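Chains, contacts and geometry: an overview
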Amino acid sequence: MSEHYYSRTQKVESDPKYWDFTLKNHNFRFKTDNGVFSKREVDFGSRLLIESFAIPEVDGSILDVGCGYGPIGLSIAKSHPERFVHMIDVNERAIELARENAVLNRIENVNIYESDRLLNVNENTFAAILTNPPIRAGKKTVHDIFEQSFEHLVMQGELWVVIQKKQGAPSAFEKLKNIFSHVETIDKSKGYFIIKAIK
């Protein structure tokens, strides 16, 4: 099997690029590379998730599942310095880039580490979990992320998901309703849905 952005290791040759992007009214400098998701710009789905997200009232850290090179987690950490943000990905190259981008943008309230889904996440007191899930990794992986997220949230904690209608937003919504006490669509644009599920 060839490697994908959701593979642990990347054999594709490294060719780093730097570019600037504005998220939540903050200017960021990102380093990206081959073998990571959306390496040329912050993808529309992630941008919609970042702009739609509101910090829950409950106390707790934030978790970015499938952080890639870091746009979601780093923008939330920059906008909310009072919260600590965990960022995880299975892709080792993405994790290294996210760490570099945290330093590059002088963001210190983050912990960035490798995890297949949430299997290496020890904390279970998150106020919010955000994910732009790896749809191409398959429905089982996506549903694992939903189920494991429930276990790692505090009561009244929130899971925020961005997913395209054509990539299974309706079935994702139904799956979340089977796990969480309250599920709603927060926003939708260009075929992307922002879904919030509350524990």
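Right, let's walk through the structure included here. Predicted, not measured: the structure shown is a model, and the values here were computed from it.

Looking now at helix H1 (residues 44–52). Restricting attention to buried positions, one finds in H1 the residues Gly45, Ser46, Leu48, Leu49, Ile50 and Ser52. Elements in contact with the buried residues of H1: strand E1 (17–23), helix H2 (71–79), strand E6 (126–131), strand E7 (153–164), strand E8 (182–189) and strand E9 (192–198).

Counted according to the given criterion, the structure contains eight aromatic pairs. Ring plane angle 70 degrees and centroid distance 5.5 Å describe the contact between phenylalanine 30 and tyrosine 69, whose orientation is recorded as edge-to-face. Of this pair, phenylalanine 30 sits in strand E2 (residues 26–32) while tyrosine 69 sits in the loop between strand E3 (61–65) and H2, placing them 39 residues apart in sequence. For phenylalanine 30, a relative accessible area of 0% puts it in the buried group. Ring plane angle 75 degrees and centroid distance 5.2 Å describe the contact between phenylalanine 53 and tryptophan 160, whose orientation is recorded as edge-to-face.

Of note in the backbone geometry, arginine 106 takes a positive phi value of approximately 55 degrees without being a glycine. Mapping arginine 106 onto the fold places it in the loop between helix H3 (92–104) and strand E5 (110–114). Positive phi values are uncommon outside glycine, yet arginine 117 reaches one of about 55 degrees. Locating arginine 117 in the fold gives a position in the loop between E5 and E6.

Cut-offs used in this document
Residues numbered from 1 in each chain as written. Predicted model: local features only at pLDDT ≥ 70, side-chain atom pairs only at ≥ 80, totals over all residues. Heavy atoms only, no water. Buried < 20%, exposed > 50% of the residue type's maximum accessible area, 1.4 Å probe, protein only. Helix = DSSP H or I, 4+ residues; strand = E, 2+ residues; numbered from the N terminus. Contact = heavy atoms within 4.5 Å. Phe/Tyr/Trp six-rings, centres within 6.5 Å; stacked < 30°, edge-to-face > 60°.

Function cannot be read off these values alone, since they describe shape.
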